[in-house]
Amino acid sequence: ELKKLKYKIEQLSNRLKDVPNDYHALMLRSEVYFELGSEEKGLEDINLAIELYPKNQFLLNYRASYFEKNKLYDKASEDVSRSLKLNKYDNEQAYYIRGVLLTDQKKYKEAIKDFSRVIEIDYTHYKSYYNRAVCYHLLGDIENACKNFEMAKVWGGDNVADMYHAICDGSW
């Protein structure tokens, strides 16, 4: 496995020697660096890609997701805001990340709005149903929590059953 990852790094690095502004290769290489535990190198590649393409919402969302996972909430919020300025209409990834950030900040009502926006864009986005259910549960709205857990299960959230059984009456 390690050998394969190092080979991928080598191939992507060769691609970047030939085409230095290939943001897709930078993204792929950053993923491999993260998998290898080389956070700094992975973040360097993301930053370079954004430097090359500052108006690419996908890149901004990717970095925002990285920042959120690493509890760098202010940086994540900044990237999400930039991404939503570029596209506020069908930018489901930015709304989803912002919903997660708001949940982390215990701003559940605001988070519900963002998860609802994602669902308006893509009604099969089971992670948004799941996270919206968690927010409803934390607000004490068990009925809406259970409805959303059920929808998360319908659209592919197989890991929802435990939460559903713990919070809602009945079974699937």
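Presented here is a report on the structure given in the accompanying data block. Numbering of residues starts from 1 in each chain and follows the order in which that chain's sequence is written. The model is predicted, so local features are restricted to residues of pLDDT at least 70 and side-chain atom pairs to those at 80 or more, both for listing and for counting; the totals for chains, interfaces and linings are taken over all residues. Working from all heavy atoms in the structure, the side-chain values ignore hydrogens and water.

Turning our eyes to something else, we now look at the side chain of glutamate 68. Along the chain, the position of glutamate 68 falls in helix α4 (residues 57-69). Here's how the labels work: a residue is buried when its accessible area is under 20% of the maximum for its type, exposed when over 50%, partly exposed in between, all with a 1.4 Å probe on protein chains only. In this charge count, Lys and Arg are treated as positive and Asp and Glu as negative; neither His nor the chain ends contribute. The rule for a salt bridge is simple: a side-chain nitrogen of Lys or Arg has to be within 4 Å of a carboxyl oxygen of Asp or Glu. Buried charge glutamate 68 goes without a salt bridge, the closest partner of opposite sign being lysine 71 at 6.5 Å. Contact partners of glutamate 68, with chain neighbours within four places excluded, come to Tyr73, Ala76, Val100, Leu101 and Asp104. To qualify as a helix, a DSSP run of H or I must reach at least 4 residues; to qualify as a strand, a run of E must reach at least 2; elements of each kind are numbered from the N terminus. Working rule for contacts: check all heavy atoms of both residues, and any pair within 4.5 Å makes them a contact.

Let us now look at a nonpolar patch on the surface. A grouping of Tyr123, Val154 and Trp155 is seen on the molecular surface, where their side chains present a nonpolar patch of about 330 Å² in accessible area. Looking at the secondary structure, you find valine 154 in helix α9 (residues 142-154). A patch is a set of surface residues, each over 30% in relative accessible area and not in a salt bridge, joined within 9 Å for like charges and within 5 Å for the nonpolar side chains Val, Leu, Ile, Met, Phe, Trp and Tyr. Where accessible areas are quoted, they stem from the Shrake-Rupley method and a 1.4 Å probe; at the residue level, only the protein chains shown are allowed to cover.

Within this scheme, the nonpolar core is defined by two criteria: the residues are buried Ala, Val, Leu, Ile, Met, Phe, Trp, Tyr or Cys, and they are joined through side-chain atoms within 4.5 Å. Membership of the largest hydrophobic core comes to 49 residues, with the highest contact counts inside it found for Val80, Phe115, Cys135, Phe149 and Cys168. Take this core: its biggest share by element is seven residues, from helix α6 (residues 92-104). Apart from the residues lying within four places of it in its own chain, the contact partners of valine 80 are Ala64, Ala94, Ile97, Arg98 and Leu101.

Expected span of a helix, by definition, is 1.5 Å for each gap between consecutive residues, and there is one gap fewer than residues. Its 13 residues place the ends of α6 18 Å apart at the C-alpha level, agreeing with the 18 Å of an ideal helix rising 1.5 Å per residue. Along α6, the residues that are buried comprise Ala94, Tyr95, Tyr96, Ile97, Gly99, Val100, Leu101, Leu102 and Thr103. Contacts from the buried residues of α6 go to α4, α5 (73-86), α7 (108-121) and α8 (126-138). At the exit of α6 stands lysine 106, carrying a positive phi of roughly 60 degrees.

Turning next to the pattern of salt bridges. This structure, assessed with the given rule, holds six salt bridges. With a shortest N-O distance of 3.1 Å, arginine 117 and glutamate 120 are connected by a salt bridge. You can see arginine 117 and its partner glutamate 120 sitting in helix α7, three residues apart, about one turn around the helix. The exposure class of arginine 117 is partly exposed, given its relative accessible area of 22%.

Moving on to the packing of aromatic side chains. Two rings belonging to Phe, Tyr or Trp (six-membered ring only in the last case) form a pair when the distance between their centres is within 6.5 Å. Interplanar angles under 30 degrees mark stacking, angles over 60 mark edge-to-face geometry, and anything in between is tilted. The full count for this structure, using the stated rule, is six aromatic pairs. Ring centres of tyrosine 123 and tryptophan 155 lie 5.3 Å apart, and the angle between their planes is 80 degrees; on these two criteria the pair is classed as edge-to-face. Highlighted residues: tyrosine 123 in the loop between α7 and α8 and tryptophan 155 in the loop between α9 and α10 (161-167), separated in sequence by 32 residues. Counting every residue linked through ring pairs, the aromatic cluster contains Phe34, Tyr66 and Phe67.

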